[in-house]
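# Architecture and fold: a report
As a plain string of letters, each chain reads:
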Amino acid sequence: MAVRTLDGTTFKQMVLSGAHHLTNNANMIDALNVFPVPDGDTGTNMNLSMTSGADEVRETNADQISDVAQAFAKGLLMGARGNSGVILSQLFRGFAKGLEGKKTLTTKEVADALELGVKTAYKAVMKPVEGTILTVAKDAAAHGQLLANEHSDHISLLEGVLKEAKASLKRTPNLLPVLKEVGVVDSGGQGLVTIYEGFLAALKGEELPAGVENTVAMNEMVNAEHHKLAQDFMNTEDIKFGYCTEFMVKLDDRRQQDTPFHENDFRNELSNHGDSLLVVSDDEIVKVHIHAEYPGDVLTMGQRYGSLINLKIENMREQHTSIVGDKKQNKKEKAAFAIVTVAMGEGLKNLFENLGATVVIQGGQTMNPSTQDITNAIKEANAENVIILPNNKNIIMAADQAAELASENVTVVPTKTIPQGMSALLAFHPESSLDDNKDTMLQASKHVKTGQVTYAVRDTQIDGMTIEKGHFMGIFDGKIQTTNKNQLETVQSLLREMIDEDEDEILTIFQGEDASDEEREKLEVFIERHYEDIEVEVHQGNQPIYSYIIAIE
């Protein structure tokens, strides 16, 4: 079978297949992250970003391929999370730009669009690194140019593009030494290959193997769906499906004798009864999230396959009226300046607010906020000039993207850690200009040292250090310095690496949710005994993942 022209309907199917295949393999992609810390989020970020793009495609009525591609690019752009998600959105932003005005595509036009996508993505990255998703996309697109001169069949073209993408992915450890040391390929590149596999399967009309279903991301995907409501910028009467409906089906073998369960068929059936649909299943349980107008009908469909458990139905019209009503009543004139920052943990949130942050987005290592999340926070800040402190290297690109989309004057101070964000915030001066504040805050962020203590999620060897699963790790400015099976000994060892007794004056410790008060007290005794001249502050950060975050100035 040959496919000589590519139309909008076929491309829709390709996008949905690519998104579904990525969802099924997100856990595997997460496992490829180099650092063994519990924040392996490349698969999760790409999955949530791709889900946003696929939802936009699913909801569009367009059938011209340029319009479908624009919808896909828009959904990816606003849903982009983490560096991998932002790069993915830029690849298809450029791809969509190359299709403007086209109803169908030849293989040459597809190859040219892939090439434009690569150029767009490279421009979006300040310092492109080879051996990443960028390299895989570039090599695959370059090979596509060669194939397009020889083949008019889209299946042959995409088979060749995918083959080269896989070959490029295998080469990534030769370009990034850390990948070779850990023994993995680039996780972002693997995500792109997975998407291309989904594209090709749809083009050929084939079913892909189920892979490992990413059930862990269900709650995160639900949160992503809810963000899309954009509650401040839509009327209550515009809500078409008024009930947020979540439930689980405990599969019953007896009922399935008459009505066998097939996830794709069930998902397609539910899609006729609402939007923001998510369906995740394994051999025993089916999880469903949908915004429906008649939730009873949806529950009845699920009950055909087993018993219903964990039901939750919420009236979104009532919620929306309450939220928008409150905000309209409290609407204020725009301030001159506002600070938007990102942090996880109630303690850290309160500390940032006490230091003057206007909006604190709940996010960080395990849940990078999307471009849409940051855009919403900019609007909530309600100021003429907005400064964003990402506090995580994997959030900077999404922040830059949100700043570019904003109508306000927005700048990003590229802070990579919580201590850097706090130092930058303390340097803010309301009488200075936006540009002067950015320069001052950036310089302040560079004068603080950051330490983090967390645990390893797998065995690995990195920087000549053998790390065992479950052991604790001390990280100093992004590099693992020490590891130990005892958490207290780990943080003590990390402090020895970090503190310069001749230069350092202030030590600040943010206690995480996994650190006990008893252990913290022992740590304070250790510091008083060994570093009596340094000023010590201890705060309850309540942050997950990192039992201790340390700032030294």
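Going along each chain's sequence as written, the residues are numbered from 1 onward. Whole-chain, interface and lining totals are the exception, using all residues; otherwise, since this is a predicted model, local features are given only for residues with pLDDT of at least 70 and side-chain atom pairs are given and counted only at 80 or more. To obtain the side-chain values, all non-hydrogen atoms of the structure were used and water was disregarded.

This part covers the confidence of the model for the protein. A residue's pLDDT is simply how confident the predictor is in it, with values from 0 to 100. Per-residue pLDDT for the protein has a mean of 87; in total, 90% of the residues score no lower than 70. In this description, contact between two residues means that some pair of their heavy atoms is separated by no more than 4.5 Å. The low-confidence segment residues 212–217, where pLDDT is below 50, has 17 contacts with residues more than four positions distant or belonging to other chains.

Take helix α18 (residues 418–426) next. Type-normalised accessible area, obtained with a 1.4 Å probe on protein chains alone, sets the label of each residue: buried when under 20%, exposed when over 50%, and partly exposed for intermediate values. Labels follow the DSSP assignment, with helices taken as runs of H or I lasting at least four residues and strands as runs of E lasting at least two, numbered in each case from the N terminus. Among the 9 residues of α18, 8 are classified as buried, and the element is accordingly described as predominantly covered. Within α18, the full set of buried residues consists of Ile418, Pro419, Gln420, Gly421, Met422, Ser423, Ala424 and Leu425. Two or three places before Gln420, at the opening of α18, Thr417 has a side-chain oxygen 3.2 Å from that residue's backbone nitrogen. N or O atoms within 3.5 Å of each other form a polar contact, as long as, within protein, one can give a hydrogen and the other can take it, and as long as residues adjacent in sequence are counted only when both atoms are side-chain atoms.

This part is about the sheet that holds strand β8 (residues 359–362). At least two bridges found by DSSP between two strands are what make those strands a pair. Here we have 4 strands laid out as an open sheet, ordered β8-β7-β9-β10, and parallel in their pairing. Where the open sheet ends on each side, the last strands, each with one partner, are β8 and β10 (409–412). With direction set aside, neighbouring strand axes in the sheet form an average angle of 20°. When strand β7 (residues 335–343) meets β8, the two strands line up parallel, connected through 4 bridges. Its bridge partner being in β8, Val340 is matched across the sheet by Val359. Axis lines are fitted to C-alpha atoms, over the contacting stretch for helices. Their N-to-C directions set the angle, which ranges from 0 to 180 degrees.

Buried residues of nine kinds, namely Ala, Val, Leu, Ile, Met, Phe, Trp, Tyr and Cys, make up a nonpolar core once their side-chain atoms join them within 4.5 Å. Judged by nonpolar contacts, the single largest core of 78 residues is most densely connected at Phe11, Met50, Leu91, Phe92, Tyr196, Ile374 and Ile388. With 8 residues, helix α9 (residues 187–204) is the single largest residue contributor to this core. Beyond its immediate stretch of four places on either side in the chain, Met50 contacts Val15, Gly18, Ala19, Leu22, Phe72, Leu76, Leu88, Ile195 and Phe199.

The next subject is a positive patch on the surface. The patch calculation keeps residues exceeding 30% relative accessible area without a salt bridge and links them within 9 Å when they carry like charges or within 5 Å when they are nonpolar (Val, Leu, Ile, Met, Phe, Trp, Tyr). Computed by Shrake-Rupley with a 1.4 Å probe, the accessible areas treat only the displayed protein chains as cover when residues are assessed. Definition used for salt bridges: Asp or Glu carboxyl oxygen within 4 Å of a side-chain nitrogen of Lys or Arg. Lys and Arg are tallied as positive, Asp and Glu as negative. Neither His nor the chain termini are counted. For charged residues, the charge sits on one atom: NZ in Lys, CZ in Arg, CG in Asp, CD in Glu. A contiguous patch of positive charge on the surface is contributed by Lys127, Lys393, Lys416 and Lys446. As for its position among the elements, Lys416 is in the loop between β10 and α18. Under the relative-accessibility criterion, Lys416 is labelled partly exposed at 48%.

What follows deals with the sheet that holds strand β6 (residues 306–315). Overall, antiparallel pairing links the 4 strands, which are arranged β4-β5-β3-β6 in an open sheet. Here the strands that pair on one side only, and so sit at the sheet edges, are β4 (274–281) and β6. The sheet shows a mean angle of 10° between the axes of neighbouring strands, taken without regard to direction. Sheet topology places β4 next to strand β5 (residues 285–292); 6 bridges connect them, and they run antiparallel.

On to the pairing of strand β14 (residues 472–476), then. Within β14, 5 of the 5 residues are buried, leaving the element largely enclosed by the surrounding structure. Of the two faces of β14, the one lined by Phe472, Gly474 and Phe476 and the one lined by Met473 and Ile475 are each fully buried. Direction of pairing for strand β11 (residues 449–455) relative to β14: antiparallel, over a ladder of 5 bridges. Residue pairing in the sheet places Val453 in a bridge with Gly474 of β14. Pairing of β14 with strand β15 (residues 479–484) involves 5 bridges; the strand directions are antiparallel. Note that in β15 the partner of Ile475 across the bridge is Ile480.

Further remarks concern empty space enclosed by the protein. Cavities and pockets were defined on a 1 Å grid built over protein atoms only: a cavity is a set of grid points that admits a 1.4 Å probe from which the probe cannot escape, a pocket is an open set flanked by protein on both sides within 12 Å along at least five of seven lines, and lining residues are those with an atom within 4 Å of any such point. Grid points are joined across faces, edges and corners, and a volume is the space filled by probe spheres set on the points. Taken as a whole and judged by the stated rule, the model has 2 cavities of 30 Å³ or more. If you add up the space inside the largest cavity, you get close to 150 Å³. In this structure, the largest cavity is lined by 14 residues; those nearest its centre are Met14, Phe95, Val110, Leu158 and Phe199. Sorting the residues of the lining of the largest cavity by element identifies α1 (8–30), α4 (82–97), α5 (107–124), α7 (154–175) and α9 as the ones contributing at least two each. For this classification, the nonpolar set comprises Ala, Val, Leu, Ile, Met, Phe, Trp, Tyr, Cys and Pro, the charged set comprises Asp, Glu, Lys and Arg, and every other residue, Gly included, is treated as polar. For the lining of the largest cavity, the class distribution of residues is 13 nonpolar, 1 polar and no charged. Empty space within the second largest cavity amounts to approximately 70 Å³. Taken together, Leu91, Phe92, Phe95, Leu114, Gly117, Val118, Ala137, Ala141 and Tyr196 form the lining of the second largest cavity. When residues of the lining of the second largest cavity are traced back to their parent elements, those giving at least two are α4, α5 and α6 (133–148). The class makeup of the residues in the lining of the second largest cavity is 8 nonpolar, 1 polar and no charged.

The next thing to look at is the pattern of salt bridges. The full count for this structure, using the stated rule, is 22 salt bridges. Arg93 is the salt-bridge partner of Glu404, the closest N and O atoms lying 3.5 Å from each other. Separated by 311 residues along the polypeptide, Glu404 in helix α17 (residues 396–405) and Arg93 in helix α4 bring together distant segments of the chain. Given the relative accessible area of 55%, Glu404 is considered exposed. Connected via shared salt-bridge partners are Asp517, Arg520, Glu521 and Glu524.

Relative orientation of the contacting elements α1 and helix α2 (residues 42–59) amounts to 160°, with a least axis distance of 8 Å. It follows that α1 is roughly antiparallel to α2 by the angle criterion. Once α1 is placed against α2, the crossing between them reads as left-handed. Residues Lys12, Val15, Leu16, Gly18, Ala19, Leu22, Thr23, Ala26, Ile29 and Asp30 of α1 pack against Thr42, Gly43, Thr44, Met46, Asn47, Met50, Thr51, Ala54, Val57 and Arg58 of α2. Residues belonging to the contact of α1 with α2 are distributed by class as follows: 10 nonpolar, 7 polar and 3 charged. When an angle is under 35 degrees it counts as roughly parallel; over 145 it counts as roughly antiparallel; between 65 and 115 it counts as roughly perpendicular; any other value is oblique. Helix crossings are classified by the rotation of the near helix relative to the far one: an anticlockwise turn of less than a right angle makes the crossing left-handed, while a clockwise turn makes it right-handed.

Here the focus is the packing of aromatic side chains. Between rings of Phe, Tyr and Trp, where Trp is taken as its six-membered ring, a pair exists when centres lie within 6.5 Å; planes separated by under 30 degrees are stacked, by over 60 edge-to-face, and by other angles tilted. Within this structure, the stated rule accounts for 12 aromatic pairs. Three or more aromatic residues joined by ring pairs form one cluster here, namely Phe11, Phe72, Phe92, Phe95, Tyr196 and Phe199.

It is worth spelling out the packing of α4 against α9 at this point. Helix-helix packing is described using two parameters, namely the angle between the two axes and the distance between the axes. Put simply, α4 and α9 touch, their axes get as near as 12 Å, and they point 45° apart. Overall, the two elements α4 and α9 adopt an arrangement that is oblique. Every residue of α9 that contacts α4 at Leu88, Leu91 and Phe92 is listed here: Leu192, Ile195, Tyr196 and Phe199.

Looking now at the side chain of Asn385. Mapped onto the elements, Asn385 comes out in strand β9 (residues 383–389). Note on Asn385: relative accessible area 16%, which makes it buried. From its side chain, Asn385 meets the backbone oxygen of Ala336 in a polar contact 3.0 Å long. Apart from residues no more than four positions distant in its own chain, Asn385 is found in contact with Ala336, Phe337, Ala338, Asn409 and Leu434.

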